[in-house]
Amino acid sequence: MLFSFCQVSIYTVKPFLILYRKLLSMLQSILNLFTSNKTKHSVDETVVPEQVPVKPDTIFCAIAACDINLGIGKDNKIPWKSPQDLMQFKERTMGKIVIMGRKTWESLPEYCKPLVGRTCIVLTQDTNYKAKGATVKHSVQSVIDYCTGSKVVYVMGGTQIYKLFAPIVTSYCVTRVHAEYECDTYLPHFPGVWRSCKMDEWVEEDGVSYSLEYGWRSNE
Ligand SMILES: NC(=O)c1ccc[n+]([C@@H]2O[C@H](COP(=O)([O-])OP(=O)(O)OC[C@H]3O[C@@H](n4cnc5c(N)ncnc54)[C@H](OP(=O)(O)O)[C@@H]3O)[C@@H](O)[C@H]2O)c1
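Criteria and cut-off values
Residues numbered from 1 in each chain as written. Predicted model: local features only at pLDDT ≥ 70, side-chain atom pairs only at ≥ 80, totals over all residues. Buried ≥ 20, exposed ≤ 12 C-beta atoms within 10 Å, placed from the backbone. Helix = DSSP H or I, 4+ residues; strand = E, 2+ residues; numbered from the N terminus. Pairing = 2+ DSSP bridges. Near = placed C-beta within 6 Å. Nonpolar A, V, L, I, M, F, W, Y, C, P; charged D, E, K, R; others polar. Right-handed = clockwise from strand over helix to strand, strands pointing away.

(A) Broad picture of the pairing of strand 9 (residues 194-199). Counting buried positions along strand 9 yields zero of six residues, so the element is predominantly exposed. Note: strand 9 against strand 11 (residues 208-217), five bridges, orientation antiparallel. Of the residues in strand 11, the one forming a bridge with Arg195 is Trp216.

Okay, here's the thing in structure tokens:
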């Protein structure tokens, strides 16, 4: 008796349960539509790959530091201070070409410019732009041509330049800052399948943990 009562109840309630779940998931999708641009983790996924012929012997490596929401900058500055990270950036990029956008170039303190021991390329659309001690370029193709013969070239940001090079970047080195900062620029989406290859021991500075992540584009 009890069994058949339960059976009846289940059969009566089941369609309502299904309907309830469907309504809930519809509501969730609608909510996502309205909130997706407002979430902290608002990574721009609208990268349009450019058809740029890549020189197979050059590895374009994106190098960046980001907070837990993939934020990289605020008011044309990096919102955190990590001397150890700046040191590893310096060591890693020493003797190499580093590519940056005009805004990132202008964000560097005067005493750092040009970055010692590195060839700085600054991208701008302004054909009259001068960057003392750096090479100014106006297109991705001209940068690629310039980099011919280099084994590794570092793409050091900011957001616009990461986006521009996203289709040809094949490796990355990212410092993960395990904290949240107010940011207005973010790491963009890098298309393709990526494999993470190493996570260094965490370093701590002023109560904030930092770790290094390396990755490469998978051919799968
Ligand atoms: N945390 C990190 O690792 C990291 C690293 C680097 C930068 N950042 C931060 O990122 C922020 C700056 O990023 P951002 O995206 O605003 O600027 P950005 O990428 O540094 O520079 C943007 C500029 O690049 C030039 N540009 C863009 N597309 C171009 C194209 N197709 N051809 C030629 N030139 C082109 C334009 O210069 P013109 O306007 O002169 O034409 C544009 O205004 C700052 O807050 C900085 O501190 C953080």
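(B) The site of the ligand, seen in detail. Around the ligand, a shell composed of 27 residues is seen, among which Gly73, Gly101, Thr104, Gly157 and Gly158 lie nearest. Listed by contribution, the elements that provide at least two residues to the shell around the ligand are strand 1 (59-66), strand 2 (71-73), strand 3 (97-101), helix 3 (102-107) and helix 5 (159-165). Residue composition of the shell around the ligand, grouped by class: nine nonpolar, 14 polar and four charged.

(C) Examining unusual backbone geometry more closely. Of note, the amide linkage connecting Lys113 to Pro114 takes the cis form, showing an omega dihedral of -10°. You can see Pro114 is positioned in the loop between helix 3 and strand 4 (119-123). If you check the backbone angles, Asp75 has positive phi at about 50° while not being a glycine. Phi at Asp206 takes a positive value of approximately 50°, unusual for a residue other than glycine. Among the structural elements, Asp206 can be located in the loop between strand 10 (203-205) and strand 11.

(D) Fine view of the pairing of strand 4. Of all five residues in strand 4, four are buried, a share of seventy percent or more. Where strand 3 and strand 4 come together, five bridges link them in parallel fashion. Residue Ile97 lies in a different strand from strand 4, and its bridge partner there is Thr119. For the crossover from strand 3 across helix 3 to strand 4, the handedness is right-handed.

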